[in-house]
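Now for the letters of each chain:
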Amino acid sequence: MKFGSGKIKKEIVKSIRKRSIAKRLRTAFICTTVVPLILLGILFSISYERDMEKKLTDTFMQVLQGLNKTMDVTMTKFLDYSYPMIVSDQVNELLNTPDSKGEDTKIEDIVADNNLTEYFWSESYDNILLYDNEITIVSSMGVSEPDKAGIMAVVEKLSATGKNHSWSCVMTDTGKNAITFLKRIYSKSERGKQIGYICFVFNEKRLFQNIYKDVNIGNDSEIFVLDRELQYLSLKHEKTKIGSSAAEDIPEIKEKITGDKGNFTTVYNGRRSLIVYQYNKKLDWTLLTVVDQSYISQNIIHMVILTGTMVILIIILSLFIVSVINETIVIPISRLVEFTDQVSGGKYDLTISDNSEDEMGKLIRYSDKMVKRLVWYTRTIEEEGKKRRKLEIQNLQYQIQPHFLFNTLNTFKYIAIINGVESLGNGISALCSLLKDTVYGKEEMIPLSDEIRNVQNYICIQEFRYTGCIRMVYEVEEAAGVFKVPRLLLQPLTENSIVHGMKEEVAITISITARLEENDLYLEIQDDGKGFVAELTKETKKQRFSGIGMENIAERIQLIYQGKGQFLVYSAPGKGTRIVIVIPGKGELPCTEL
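Residues numbered from 1 in each chain as written. Predicted model: local features only at pLDDT ≥ 70, side-chain atom pairs only at ≥ 80, totals over all residues. Heavy atoms only, no water.

Thoughts on the overall build of the protein chain
To keep things clear, this is the line we draw: Strands here mean DSSP runs of E at least two residues long; helices mean DSSP runs of H or I at least four residues long; both are numbered from the N terminus. Working definition: with a 1.4 Å probe on protein chains only, accessible area under 20% of the residue-type maximum means buried, over 50% means exposed, and in between means partly exposed. Should any heavy atoms of two residues lie within 4.5 Å, those residues are counted as being in contact. What sets the accessible areas is the Shrake-Rupley method with a 1.4 Å probe; for residues, cover comes only from the shown protein chains.
Scanning the protein chain from terminus to terminus reveals 16 helices and 17 strands. Buried residues in the protein chain amount to 39% of all 594 residues. Restricting to contacts in the protein chain with at least 6 residues of sequence separation, those with at least 24 account for 60%. Within the structure as shown, the protein chain displays about 34,400 Å² of accessible surface, and the carbon and sulfur contribution to it stands at 55%.

Rendered as structure tokens:
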């Protein structure tokens, strides 16, 4: 699993690295700022909508609770006033005396006898009727009578439910819907015998105006009361729907109303609406409030606008920050990339600067220094290569047609030996050995013992010219003899001591000392000749010392040992010359190729 995730991570990094840093920053900005802000805005809007819906539900639930309490008080008052009349002897007598049917004044007498005249006429009653068991009107108090078919439907509902009373909405003979309260009446003389019904007819508007008067839910909202069959008993605004079924407007209402209270969202009058309901057990009514979803949406829109404005401001601020980051990271990197591209193309004279104290500023300054050092190093290598080639040419100048020269010298050598001139033969032999080492020798580094032998051959040759005037002293440690040194290191210095250091008709002593100290080779070539001013310029020294002089040797040591070797000259007029050479390590060449 770890291997798989690591591989996926590598592939992602590889894909990301194909894009520029500027694109990566923009992508990171979109992923870490824009997308989260949009998602947060959406989540906030959804959360706000739910909170708003919950608050509205709680608010309207409290409204419904208040309405239920108001209706309970109103209906309890009605039952308290109507109960004495319902159980009165006059009502029993009227229903038990068939001959009394049609005498309307008798119910008024019953109301008056119970001191209820003022209450009933001051309230929202349209009529009070007495029915026998066949739904025939026995007595009526008002002028508005409910439709008989409607009353019979209510009676059937009572029979089906087994209840003693029911609230219903019934059409009257005037073509208007009225709220009716129909109650069974039982005989006082025969227990359990039903003798008829009493029906109270209410004016819906007057009945509920006191209930609705303190409720303000806005013009786009509605409150209505449903009976047991979910028919409209009352509506605050749309009075024309009274008596119709709520299922016509809300087909799923039966499935949605599942408890004593709750809420759901549906389409009402063609609009998405929030419906909050509460059931009244005492009256067997269900109160509902309908809130147009646009009421919630308006608040949500305002919140979305506010949230969107904040998101836009945050994005603008983030864009500003990204632009600043772009100025401080992407642009310096682009400058650095352009600079390195031009340098890699061969434009070494370019320069780049950045005075900032951050990492990018340091990187640019370090890159500029690095390029300058690289240019210096490249040019140094080129110059050292030129010097090496020049030294090689100078070395070649010492090589003279070797085969012809050696054959000729060997001929002279044998002639000298045959004629008994042994010293001449030794000199010619020494010259042959010297030329062989300098011309035929291909190795740049040779043991110190071979370089000492070259010096000895050179001195042997010079004895013919300066007979008895050159005295050589060699003090070479045995371990130093195998130490490798550059070819032609000591012979040119010995030659300079003889040619430029000898005083006229005065012998010169030249000593060569070699010792090892901590793996470094110390060489000293000292003479008691004329000496010179050590501070002479290069040009003066070149005029004074011909061939491979001290400057040449010093440059070779610096070149071969990359500045780790030393070439020191101590001299003064009349006090001779001492040259100290320090060769590092064990006489091996450094690994770096020039």
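From this point, the discussion proceeds with the structure in view.
What to know about the sheet that holds strand β10 (residues 285-292)
How we decide: Here, a strand pair is defined by DSSP locating no fewer than two bridges between the strands. Inter-axis angles, ranging from 0 to 180 degrees, are taken between N-to-C directions of lines fitted to C-alpha atoms, where helices are fitted over the stretch in contact.
Across the sheet, five strands lie side by side as β7-β6-β10-β9-β8; this open sheet has antiparallel pairing. Strands with a single pairing partner mark the edges of an open sheet, and in this sheet they are β7 (232-235) and β8 (261-268). Taking each pair of neighbouring strands and ignoring which way they run, the sheet shows an average axis angle of 25°. Direction of pairing for β8 relative to strand β9 (residues 271-280): antiparallel, over a ladder of eight bridges. Across the sheet, the residue bridging to Thr 265 is Leu 274, located in β9. Docked against the sheet, helix α2 (residues 21-86) engages β6 (221-226), β8, β9 and β10, running at close to 40° with respect to β9. Helix α7 (residues 204-212) contacts β6, β7 and β10 of the sheet and is inclined by roughly 55° relative to β7.

Some points on α7
Worth spelling out the cut-off: Working definition: the arc comes from the directions between the helix axis and the C-beta atoms, pointing outward to the latter.
Those residues of α7 that sit buried are Glu 204, Leu 207, Phe 208, Ile 211 and Tyr 212. Along the axis of α7, the buried residues cluster in a sector spanning 115°; they form a single face. Looking at the packing, one finds that the buried side of α7 touches α2, β4 (177-186), β5 (194-202), β6, β7 and β10.

Some points on the nonpolar core
The test is simple: To form a nonpolar core, buried Ala, Val, Leu, Ile, Met, Phe, Trp, Tyr and Cys residues must be joined to one another through side-chain atoms within 4.5 Å.
In this structure, Leu 130, Trp 167, Phe 200, Phe 202, Phe 208 and Trp 285 are the most contacted members of the largest nonpolar core, which totals 61 residues. Considering every element that reaches this core, the biggest residue donor is α2, with 11 residues. By size, the runner-up hydrophobic cluster in this structure holds 35 residues, among which are Met 445, Val 485, Ile 560 and Ile 583.

Comments concerning the pairing of β6
Summarising burial for β6: six of the six residues are buried, a large majority. Residues Ser 221, Ile 223 and Val 225 line one face of β6 and the alternating positions Glu 222, Phe 224 and Leu 226 line the opposite face, and both faces are buried. In terms of strand pairing, β6 meets β10 through six bridges, oriented antiparallel. Its bridge partner lying in β10, Ile 223 is registered against Thr 289. Two strands pair when backbone bridges link them, and β6 and β7 are joined in this way by three bridges, in the antiparallel orientation. Across the sheet, Val 225 pairs through a bridge with Ser 234, a residue of β7. Joining the antiparallel neighbours β6 and β7 is a turn of five residues, in which Leu 230 adopts a positive phi near 60°.

Some details on the pairing of β4
Of all 10 residues in β4, seven are buried, a share of seventy percent or more. Across seven bridges, the pairing between strand β3 (residues 165-171) and β4 is antiparallel. Along β4, the bridge assignment pairs Ser 166 with Leu 182. Here β3 folds back onto β4, and the loop between the two strands holds five residues, one of which, Gly 175, carries a positive phi near 85°. As defined by bridge partners, β4 adjoins β5 across eight bridges and the pair is classed as antiparallel. Each bridged residue has a counterpart across the sheet, and for Lys 183 the counterpart in β5 is Ile 198.

Looking at the confidence of the model for the protein chain
What counts here: What pLDDT conveys is the predictor's confidence in a given residue, as a value from 0 to 100.
Of the residues in the protein chain, 81% have a pLDDT of 70 or more, and the chain-wide mean is 78. With pLDDT under 50 throughout, residues 537-547 is counted as low confidence; its partners more than four residues away or in other chains account for 16 contacts. When the criterion is pLDDT under 50, residues 589-594 qualifies, and its contacts beyond four places in sequence or with other chains add up to 11 contacts.

Some thoughts on the packing of aromatic side chains
Centre-to-centre distance and the angle between the planes together describe a pair of aromatic rings. Convention followed: The pairing test for Phe, Tyr and Trp rings, Trp by its six-membered ring, is centres within 6.5 Å, and the orientation test on the planes gives stacked under 30 degrees, edge-to-face over 60, and tilted for anything in between.
The full count for this structure, using the stated rule, is seven aromatic pairs. With a centroid separation of 5.2 Å and an interplanar angle of 75°, the aromatic rings of Trp 167 and Trp 285 are classed as edge-to-face. Here Trp 167, found in strand β3, pairs with Trp 285, found in strand β10; they are 118 residues apart in sequence, far enough to count as distant. Residue classification places Trp 167 among the buried positions, given a relative accessible area of 6%.

Re the sheet that holds β5
Taken together, five strands build an open sheet; the order of strands is β2-β1-β5-β4-β3 and the sheet is antiparallel. Where the open sheet ends on each side, the last strands, each with one partner, are β2 (137-140) and β3. Taken pair by pair, the neighbouring strands of this sheet meet at an average axis angle of 25°, ignoring direction. For strand β1 (residues 125-131) and β5, the ladder comprises six bridges, and the chain directions are antiparallel. In the strand pairing of β5, Ile 128 is matched with Phe 200. Running at roughly 155° to β3, helix α6 (residues 148-161) makes contact with β1, β3, β4 and β5 of the sheet. Relative to the sheet, α7 contacts β1, β4 and β5, its axis offset from that of β4 by approximately 95°.

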